[in-house]
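Each chain, letter by letter, is given below.
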Amino acid sequence: MTAARTRLAGRLAAVGTAAAAGVLFLAGPASAHVSVQPGTAEKGGYSTISIKVPNEKDNASTVKVELALDPKHPLVSVMPQAVPGWDVKVEKTKLDKPVRMHGKSIDEAVSKVVWTGGKIEPGNFQQFPLSVGQLPTDADELVFKALQTYSDDDVVRWIDPSKPGGEEPEHPAPVLKLVDKPAAGKPADDGKSNPGMNTAATSGNGDSDGGGDSTDTTARVLGVVGIVVGVAGAAFGVLAGRRRTAA
């Protein structure tokens with residue numbers, strides 16, 4: 001191999017390394033927070049969502065997850081799906097004003113859901129599915145507050161409000177965006193696809209739940225990969241040209 005080819009190969013290796021580092025940098029932050037998957041649901045209806053909990057520590061496991069529901073918009077129906085290895089407890093509270101649902105007067109609503117007994121090991125995440133409803137029609141979002149307890153007794157409080165257009169807080173509260181029901185004849189765009197009901201703890205590197213936080217990451221990763229492919233193609237053309245010239 002000539003000196004020129006050696007230098008070119010070195011440059012390609014450097015570009016590839018930088019691109020790979022960029023992919024890891026872009027993919028990491030998007031999956032680091034406790035979040036609701038999918039991120040949107042239709043107003044006035046029922047929806048199946050999952051609370052996605054990643055383990056952010058490398059020396060402790062997540063052993064408890066507490067989810068407090070939005071007290072401003074009570075949900076009278078909250079049914080958790082069983083998660084292998086975890087126990088779940090649903091707590092209810094009395095409503096200041098009873099609500100009518102399916103011809104019945106309801107005077108209490110779910111205020112908190114608590115999962116215990118299991119473990120989310122370092123480098124993994126867990127999804128906790130819930131069937132919720134009836135979703136409010138007079139709100140654009142439901143804000144949940146989550147507490148994540150680790151085996152070293154550290155408690156991370158995912159309760160900070162997010163401000164539109166502002167910098168993301170360190171521990172943002174999970175948010176479910178509520179969208180209007182589409183007009184007749186128009187396809188729904190409420191993100192109510194299967195939120196990934198695989199309840200087994202999965203490696204964070206295999207996150208493919210289709211949630212809103214992964215969409216932007218996927219686009220950015222594909223962009224970086226495209227750049228790498230383009231550079232490699234250009235370098236191949238240069239090498240091929242030099243071989244023909246040398247011949």
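Up top you'll find the structure we're talking about.
Residues numbered from 1 in each chain as written. Predicted model: local features only at pLDDT ≥ 70, side-chain atom pairs only at ≥ 80, totals over all residues. Heavy atoms only, no water.

Taken in spatial order, the three strands make up an open sheet running β2-β12-β9, and their pairing is mixed. What marks the edges here is a single partner per strand, and that holds for β2 (40-42) and β9 (141-143). Between one strand axis and the next, the sheet turns by 30° as a mean value, whatever way the strands run. Relative to strand β12 (residues 175-179), β9 runs antiparallel, the two sharing three bridges. (Pairing = 2+ DSSP bridges. Helix = DSSP H or I, 4+ residues; strand = E, 2+ residues; numbered from the N terminus. Axes fitted to C-alpha atoms, helices over the stretch in contact; angles between N-to-C directions.)

Taken in spatial order, the five strands make up an open sheet running β6-β7-β4-β10-β11, and their pairing is antiparallel. The sheet is open, and its two borders are formed by β6 (87-101) and β11 (155-158), each paired with just one other strand. Strand after strand, the sheet turns through a mean of 15° between neighbouring axes, direction not considered. The pairing of β6 with strand β7 (residues 104-120) spans 11 bridges and is classified as antiparallel. The residue of β7 that forms the bridge with T93 is A109.

Let us now look at unusual backbone geometry. Cis geometry marks the peptide bond from Q37 to P38, where omega comes out at -10°. Residue placement: P38 occurs in the loop between β1 (35-37) and β2. Look at the link from G133 to Q134: it is a cis peptide, with omega at -15°. As for its placement among the helices and strands, Q134 is situated in the loop between β8 (124-133) and β9.

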